[in-house]
Amino acid sequence: MSGIVALGVSRFRSLGIRGGRTGNLLALLSALWLLVTLAALIVPGVLAPGDPTDLRPALVFQPPSAENPFGTDQYGRSVYLLLVHGARTAMLVGLASTAIAVTVGALIGLIAGFAGGWVDAVIGRVLDVLMSIPGVLLALVITAGAGSSTGVLIISVGVAFIAGFARVMRAQVLATRERVYIDAARSVGFSGPRILFRHVLPNAITPVIGLATIAVGEAILVASALSFLGLGPRLDVPDWGQLLASGQPFLVQAWWVSTFAGVTISLTVVAVSLLGDWLKDWMEK
Amino acid sequence: MTNEVLSLNGITVSLEANRAIRLVEDVTLTIERGQVVCLVGESGSGKSVLARTMMGLTQLDRGVVVEGTVTWEGKPLGRKDHERLRGRDIAMVFQEPVGSLDPLFTVESQLTESLRRAHGKIGSVELRRRIRALLSEVGIADPDRVMQCYPHQLSGGMCQRVMIAGALACEPKLLVADEPTTALDVTVQAQILDMLARLCTERDMAVILVTHDLGVAARLADRIAVLYSGKLVEEAQSDTTFAGARHPYTRGLLECVPLMTGPRRALLATVEGSVPDPADRPTGCPFAPRCARATAECTQMPPMSIEPGGRFSCWHPILTPTTLVGTIA
């Protein structure tokens, strides 16, 4: 699943519709979708009044109707309610895990790039090992070891993304520290740490921020994949990946459960990616 | 010498990976108070490395080894001593004016950094007054507008003025200027050089001016030090150099300079060949392979010969005066 969405996103990019009018339109549509998601996150009750975890045996596998816009699942829960209320978990995991990855990754990259020598060599090899394991697998291992809850999900997805950020940051720091203004800052008499945080960090961080906006989408995807595999939050917390998994055995009788869950995940990930890309281009202008 | 500001004693800079590769070899040089010393040489002769060594910056680089000592007013400098002097008694101006300002900060905030570093806490009103004064001093007509600008909004010449203002913020006793005008066009170059000359006299500030242009050196220098392939080959008072440089390489450089007045030469002379790769330097005098006067003796490194006006390192010095007719700049 994650492969397909990733492919879709890279197709979008390779079609060359990032810049120009089409790019702006797509960014606008993405922003609108994310606004809806954000509303679902902040005030789910307004968009979808009712209790999403309410089990209604009489209403099992109802097709989409005015009352249940996206139908109901095998417990009679409204798919629409579950999706709206599940936005909180998805966005929380996406944002929080990316925040962990960026903070820790950027700090590691900063130290490796600025210290150099054996420090850089040791950090570099550890990152190589981390990079050699696919993110989903790494997160899977951590979740499997630490048990499943939203907190563990956030940390495991975050850890899986650290290496990527650390490498980009390290490369940026190496490029920045050779700039003349770093020499100039030294010639004014400033010491290492001050130059590191005032001049190297702010100049090196821009591409990392760009990468982070795209990574939020990927984090949502990895988190959904993990909870699809049963390693997500507890069953009474509405979650997109979980819903996708629970509908999967009944795809023939009740197509709507997995389909709406899958479409929601895909749209959100694509929207975050496109908007992130657009932001990155905009920042680099 | 009581007037001595900074001096280099037997400075050798080599690569850590291969100590036989020397970027600068055994350079001894003294700068006195209020003096303008020009470091002249071709690309790759080690001028910039030497300038950065005076600032203590080469010493911080990875992968190079610095031997010899740098002294300040007679006292040898350790790494921490050097850091303390930077931004207080010595300041530097770099070759790329735009690149030497941090693109993320306005002129005001960069000058604030320099001023605070040199003079400690200053109130904001006083700070703005001082920034305005510094910018006016380097010939910026509208300091209030320039203060609010980011480096990319300014031209190369403006950025260089700002850099010089930053360097002057600490009222240094020594300013190291590494090809400060190379990236600028000719009219701006002349303005900047005149300004440096003025500041030097007004503030009794010593200046190390790195340049590959003897015309620039002629304008400002009290003394001229000629570097070739990492070695100091000749050092003398400016007029001595222009009247009768002893080293064939210095002569060669002088003949390359177009004259402003006097008879027109059909073609400018050139020094054939190029500076040897530091990894593949000949033994003895590094200039020998390009030198018309070279003999078997030149495979031995010539010692420094000291004369009243200066010193040179050559077995076969040219003893006649230069044939330059006219003025250089």
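Anything mentioned here points back to the structure above.
For clarity, every value in this text was computed on a predicted model and none was experimentally measured.

Novice: Now, about the environment of B:L104: what can you tell me, with residues and values included?
Specialist: Checked against the element boundaries, B:L104 lands in the loop between β6 (90–93) and α3 (107–119). Residue B:L104 is classed as partly exposed on the basis of its C-beta count, with 15 C-beta atoms lying within 10 Å. Sequence spacing of B:L104 and B:G34 is 70 residues, and the spatial spacing of their C-alpha atoms is 35 Å. When near neighbours in sequence (up to four residues on either side) are disregarded, B:L104 contacts A:P202 and A:N203.

Novice: Which residues make up the interface of chain A and chain B, and what values do they have?
Specialist: Each partner contributes residues to the interface: chain A has 15 residues there, and chain B has 20 residues. Elements with a minimum of two residues in the side of chain A that touches chain B: α8 (180–187) and α9 (192–204) of chain A. Take the side of chain A that touches chain B: its biggest share by element is six residues, from α8(A). Looking at side-chain class alone, the side of chain A that touches chain B contains six nonpolar, six polar and three charged residues.

Novice: Give a description of the sheet that holds strand β5 (residues 75–76) of chain B that names residues and reports values.
Specialist: Residues and elements named next belong to chain B. An order of β2-β1-β4-β5 is seen for the four strands of this open sheet, with the pairing classed as antiparallel. Across the chains shown, the open sheet's two edge strands, defined by having one partner strand only, are β2 (22–32) and β5. Judged from the seven bridges that link them, strand β1 (residues 4–15) and β2 form a sheet pairing that is antiparallel. Each bridged residue has a counterpart across the sheet, and for I11 the counterpart in β2 is V27. Helix α1 (residues 47–55) rests against β1, β2 and β4 (64–72) of the sheet, and its axis sits at about 120 degrees to β1.

About the criteria used
- Residues numbered from 1 in each chain as written.
- Chains lettered and ligands numbered in written order.
- Predicted model: local features only at pLDDT ≥ 70, side-chain atom pairs only at ≥ 80, totals over all residues.
- Helix = DSSP H or I, 4+ residues; strand = E, 2+ residues; numbered from the N terminus.
- Buried ≥ 20, exposed ≤ 12 C-beta atoms within 10 Å, placed from the backbone.
- Contact = placed C-beta atoms within 7 Å.
- Nonpolar A, V, L, I, M, F, W, Y, C, P; charged D, E, K, R; others polar.
- Pairing = 2+ DSSP bridges.
- Axes fitted to C-alpha atoms, helices over the stretch in contact; angles between N-to-C directions.

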